[in-house]
Structures are given as structure tokens and as C-alpha cells.
Amino acid sequence: MGAKNECPLCKSAANHTNSGVLSVWWEYACPRCGRFRMDGGFVENMLLRPETYEGKLHLLSGLTKTHFLRTGKPLMLTHDHLEDQLASALVPRTPAQCVDRLILNVRYMSREFGDEVELKVRRDWPVAFAQGPKEFESFIGQVVAE
Ligand SMILES: [Zn+2]
């Protein structure tokens, strides 16, 4: 069981646990970003140098969500590997790639191809690496138009 807390990536209410006395990592269960972990360096930098993550938080939300949808396991975010993690092939670079990622992630959200999947604009925008609900709606519009 974890304590109620705020997701450091998307600011949604999220459950929060840590690895124990030494707090080697912190784990969050966020309705938007999925389950993910942060190591001490990541947490420390978020507190002391938040500008490091400016403009990158929605990409991290998308990455943790995608990893959790694909594997069912939490991704460990580490400050030392932040740039490598953001350079992952899972992270889309263009709006067209965001739309592709949306389609692939919806596939991971369904048990079988063709199953109905409920997407909530205010909750599920990390599924497309969108910056928020408005951009997510425009990506959904692209899928519907295709
Ligand atoms: Zn979150």
C-alpha cells in the first residue's frame, strides 16, 4: 500500500511507495503515466534543478506509460540516463509518430486487436506522448481521419 501523493510527471493524484529505509527508488502508480520508479538522483534533480526537466515531463509521462503498457512493469527513471531514455525509439519525434504511437499503445491496451478501448482525453494523453488533453484530442482526430 502506498501513500496518496502527486505524480511528479503529470501532477495527477498518484499512489507512492519507496524501496524502504534507504529509499533507493520511489515508485508511483499514476492513472495517467502508469507505474514507474525514480532513482534518488532523479528525485534529487527534480527538487533541486526542475529546469532540467522543462519541456520533457510529457515525454517522460508517455515513456513510462508506454513501457508499462508494453511490459506490465514499472520503468526506472534515472537522472544519469535521462537523455538516453528520452532518445529511446519508443519516444516519437514528430506529430505523425505520436499518432503511430497512439495506435500502437491502444493495441497494448486491448486484449485482442479490434477490442474496444476507452480513451479519456483528460486521463490518457500520455498514450500519444501529447503535451496535454488538447493536443491528445488533435492526435485522436488524425487517427479518426485516416
Ligand atoms: Zn502521472
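Predicted model, so just to flag it, every value in this text is computed and none were measured. (Residues numbered from 1 in each chain as written. Predicted model: local features only at pLDDT ≥ 70, side-chain atom pairs only at ≥ 80, totals over all residues.)

1. Brief notes about the overall build of the protein chain
Counting its secondary structure elements, the protein chain contains six helices and five strands. In the protein chain, the succession of helices and strands from N to C terminus is β-β-β-β-α-α-β-α-α-α-α. In terms of principal-axis extent, the alpha carbons of the protein chain reach across some 50 × 30 × 25 Å. For the protein chain, the proportion of its 146 residues judged to be buried stands at 31%. In the protein chain, the share of contacts with a sequence separation of at least 24, taken over all contacts with a separation of at least 6, comes to 53%. (Helix = DSSP H or I, 4+ residues; strand = E, 2+ residues; numbered from the N terminus. Buried ≥ 20, exposed ≤ 12 C-beta atoms within 10 Å, placed from the backbone. Contact = placed C-beta atoms within 7 Å.)

2. Looking at the domain arrangement of the protein chain
Taken as a whole, the protein chain is organised into domain 1 (3-86) and domain 2 (95-145). Here the C-alpha centre of domain 2 lies 21 Å away from the C-alpha centre of domain 1. Taken together, the contact pairs 12 residues of domain 1 with 10 residues of domain 2. (Domains from an automatic or database assignment.)

3. Examining the environment of I103
If you trace the backbone, I103 turns up in helix α4 (residues 95-109). Each C-alpha atom, one on I103 and one on H58, is 18 Å from the other, the two residues being 45 residues apart in sequence.

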